[in-house]
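# Structural features, examined
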Amino acid sequence: MRDTAEQSGQDEEKSPRERLRERRTAAFRAAERVLSRGGYHGTLRERLTLLQEAAPEVYDLDERADVYGNGVVAALEERVAALLGTEAAAFFPTGTMAQQVALRCWAGRTGDRTVALHGLAHPEVHERGALSVVSGLRTVRLTSEPRLPTADEVRAFEEPFGALMLELPLRDAGFVLPTWEELNEVVEAARERDAVVHFDGARLWESTVHFGRSLDETAGLADSVYVSFYKSLDGFGGAALAGPQTLIEEAKAWRHRYGGMVFQQFPTALSALVGLERELPRLPGYVRHARVVAAALREGFAEAGVAWARVHPEVPHTHEFRVWLPYEADVLAEAAALQAEETGSMLFASAWDTGGPGLSFTEVTIRSQGLEWTADDVRAAVADFVARVESVAGG
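Within each chain, residues carry numbers counting from 1 in the order of the written sequence. Selection of residues for local features in this predicted model requires a pLDDT of at least 70, selection of side-chain atom pairs for listing and counting requires 80 or more, and totals for whole chains, interfaces and linings are taken over all residues. Note that the side-chain values use all heavy atoms of the structure and ignore hydrogens as well as water.

## Re the overall build of the chain
Definition in use: Runs of E in the DSSP output that reach at least two residues are strands. Runs of H or I that reach at least four are helices, and both are numbered from the N terminus. Our radius of gyration looks at C-alpha atoms and nothing else; its globule reference is 2.2 Å times the residue count to the power 0.38. Two residues qualify as a contact provided that any one of their heavy atoms is within 4.5 Å of a heavy atom in the partner residue. Surface accessibility follows the Shrake-Rupley procedure with a 1.4 Å probe radius. Residue values consider only the protein chains on display as shielding.
When helices and strands are counted, the chain shows 16 helices and 13 strands. The globule rule puts the C-alpha radius of gyration for 395 residues at 21 Å, and the 22 Å found for the chain is close to it. Along the first, second and third principal axes, the C-alpha atoms of the chain reach 60 × 55 × 40 Å. In the chain, 74% of the contacts between residues at least 6 apart in sequence involve partners at least 24 apart. Surface accessibility of the chain: about 17700 Å² in total, with carbon and sulfur atoms responsible for 49%.

## Some details on the sheet that holds strand 8 (residues 239-243)
Quick reminder of the rule: Strands are labelled as partners when DSSP assigns at least two bridges between them. Only the stretch in contact is used when a helix axis is fitted, and all axes are lines through C-alpha atoms; the angle between N-to-C directions ranges over 0 to 180 degrees.
Taking strand neighbours across the sheet as the criterion, the seven strands line up as 2-8-7-6-5-3-4 in an open arrangement whose pairing is mixed. Each of the sheet's edge strands pairs with one partner strand only, and the pair in question is strand 2 (88-92) and strand 4 (138-141). Each strand of the sheet is rotated relative to its neighbour by a mean of 20 degrees, with strand direction disregarded. Pairing geometry for strand 5 (residues 163-167) and strand 6 (residues 196-201), over five bridges, is parallel. Among the inter-strand pairings, L164 is bridged to a residue of strand 6, identified as V197. Against the sheet, helix 4 (residues 72-84) engages strand 2, strand 7 (224-228) and strand 8, with an angle of about 130 degrees to strand 2. Packed on one face of the sheet, helix 12 (residues 245-257) meets strand 2, strand 7 and strand 8 and runs near 20 degrees to strand 2.

## Notes on the sheet that holds strand 13 (residues 359-365)
Sheet architecture is open: four strands sit in the order 9-10-13-12, paired in antiparallel fashion. Of all the strands in the sheet, just strand 9 (310-312) and strand 12 (353-356) have a single pairing partner and so form its edges. Adjacent strand axes in the sheet meet at a mean angle of 30 degrees, parallel and antiparallel pairs treated alike. Here strand 10 (residues 320-325) runs beside strand 13; their pairing, made up of six bridges, is antiparallel. Bridged to R322 within strand 13 is E363. Lying on the sheet, helix 14 (residues 283-303) is in contact with strand 9 and strand 10; it crosses strand 10 at an angle near 10 degrees.

## Re the packing of helix 4 against helix 13 (residues 266-278)
The criterion, for reference: Each angle gets one of four labels, with under 35 degrees taken as roughly parallel, over 145 as roughly antiparallel, 65 to 115 as roughly perpendicular, and the rest as oblique. Here a crossing is called left-handed whenever its near helix is offset anticlockwise from the far helix by less than a right angle, and right-handed whenever the offset is clockwise. Ten residues, namely Ala, Val, Leu, Ile, Met, Phe, Trp, Tyr, Cys and Pro, are considered nonpolar, four, namely Asp, Glu, Lys and Arg, are considered charged, and the remaining ones, Gly among them, are considered polar.
Contact pair helix 4 / helix 13: the axes reach a minimum separation of 9 Å and the direction vectors enclose 30 degrees. Comparing their axes, helix 13 and helix 4 come out roughly parallel. Here helix 4 runs over helix 13; the crossing is left-handed. Every residue of helix 13 that contacts helix 4 at V72, V73, L76, R79, V80 and L83 is listed here: F266, A269, L270, A272, L273, L276 and E277. Here the residues of the contact of helix 4 with helix 13 sort into eleven nonpolar, no polar and two charged.

The structure is reproduced here in structure tokens:
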């Protein structure tokens, strides 16, 4: 055990923001009521216990463990292809790798290394330029507006591109989706330009409620689709690329070249199968309750007299959405931590980010824990939260 004085000295070296982040994390772990508690927040013991209890429900554990993608990994690939209605699917350790491979394969087939996407798409914002630096592709931005590109923007774009990548939903715009009609129009516009269409469907699983269409019907609009196993399904990690058999065969060759041919992946594959069995059927219920929570948040802020507050989208497209408030991020984070520490309920568990002078936003996710919250519970929590915000801001 470290000396108390040594620990104290290390704590003093941390910035106020680092200490607040640690407080918020500890408060979240201790809170009795939250809107969402993803499994990744758990301890190693909790994660292993879940797998031990749930894995026998989804796969024969007396089969031999996988080696370089056979066994349980191949079974997972077949399950994903069936769900998405594609000829085949390939398991990848990360979505970043899966999408780079997909888009470079398409570039080889179309002869055009240019990828058209949104300025807020994940590869543009969160992957350190991997598409160009690692895969030699060139990206062009159709728009940076907080919505998906329109068919007119696709048709009118001033230079050629071989592939159109659409992130569904667009996380950094507030988990937004187009309408089903708009999505069809955008895909058709890309086809008119002889471009292939790739869906960044990391969160495609929960998009069916908004579209009013099945997974396979949605995925069927694209030439290839990437899906994640941990963002909504609560798996340990991993992703899949789904599409035509010939594309997936080529993608597996590139997966090996990119270092994604992992020796054994059974824990991640099993957790993905558990997610497909347990969480996938629950997602529509999470989406519907997210709309209840979002409405109660709007009402709560209005009743509390907050001069400007926004829930975006006003009616959530998935089980995730953004809340914007006219305060500094550190003030809101402090109030969120205080609420959890003093009441045992944490209304806003995610980080608050600065969205402009005196303006901040956070992401709200609804999972099984959130289903316990009634609209009255949410409004009461908002009133308590706002009182703490005013106290922190005034103090």
